Amino acid sequence: MLRFILYTLLFWVIFSLFTSFFKKKNGNVVSEENLLEDEMIPCANCGAFFPFKTAVTFNFFSKEKKFCSKECMESFNNSGG
Ligand SMILES: [Zn+2]
């Protein structure tokens, strides 16, 4: 009889851990921010579209410019804007 109670207890602990784990997984809502990071934006130098999260950012006269690569940023600076 004692063994049966122990098994029941063990089963209940595992079951409650299992359900709380799944509840945590479903509770995470991060989809909208990830979508914004994958947004395609045009390069300020060559005009090619590239993912926002890989952008090279440069502050040009207190205005933020986004470039597809460091090379593009440098050639933009060399040409004088
Ligand atoms: Zn570029």
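No experiment lies behind these values; they were computed from the predicted model shown. Every chain's residues receive numbers from 1 upward, in the order its sequence appears when written. Whole-chain, interface and lining totals are the exception, using all residues; otherwise, since this is a predicted model, local features are given only for residues with pLDDT of at least 70 and side-chain atom pairs are given and counted only at 80 or more.

Moving on to the overall build of the protein chain. For the protein chain, the helix and strand inventory stands at three helices and four strands. Secondary structure elements are taken from DSSP: a helix is a run of H or I of four residues or more, a strand is a run of E of two residues or more, and numbering for both begins at the N terminus. Moving toward the C terminus, one meets the helices and strands of the protein chain in the order α-α-β-β-β-β-α. Contacts in the protein chain between residues at least 24 apart in sequence constitute 20% of all its contacts with a sequence separation of at least 6. Contacts are defined on C-beta atoms placed from the backbone: any two residues whose C-beta positions lie within 7 Å are in contact.

Another aspect to go through is the nonpolar core. By convention the nonpolar core is taken to be a set of buried residues drawn from Ala, Val, Leu, Ile, Met, Phe, Trp, Tyr and Cys and joined through C-beta atoms within 7 Å. Our exposure labels follow a C-beta count within 10 Å of each residue's own C-beta, placed from the backbone: buried means 20 or more other C-beta atoms, exposed means 12 or fewer, and partly exposed covers the counts in between. One finds Ala-44, Ala-55, Phe-67, Cys-68, Cys-72 and Met-73 forming the largest nonpolar core, which totals six residues. Each residue touching Cys-72, except ones within four places of it in the same chain, is listed here: Cys-43, Asn-45, Cys-46 and Phe-67.

This part takes up the pairing of strand β4 (residues 63-67). On a regular strand, one side chain projects to one face of the sheet and the next to the other, so that they alternate. Strand pairing is assigned whenever DSSP identifies at least 2 bridges connecting the two strands. Relative to β4, strand β3 (residues 56-60) is paired through five bridges, and the arrangement is antiparallel. Bridge assignment links Phe-58 to a residue of β4, and that residue is Lys-65. Hairpin connection, β3 to β4: the antiparallel pair is bridged by two residues, and Phe-61 has positive phi, about 50°.

One non-glycine residue, Ser-62, lies in the positive phi region at around 60°. Mapped onto the secondary structure, Ser-62 falls in the loop between β3 and β4. With 5 C-beta atoms counted inside 10 Å, the residue Ser-62 sits in the exposed group.

Before going further, it helps to examine the environment of Glu-39. Relative to the helices and strands, Glu-39 is located in the loop between α2 (31-37) and β1 (40-42). Between the C-alpha atoms of Glu-39 and Lys-53, which are 14 residues apart in sequence, the distance is 8.0 Å.

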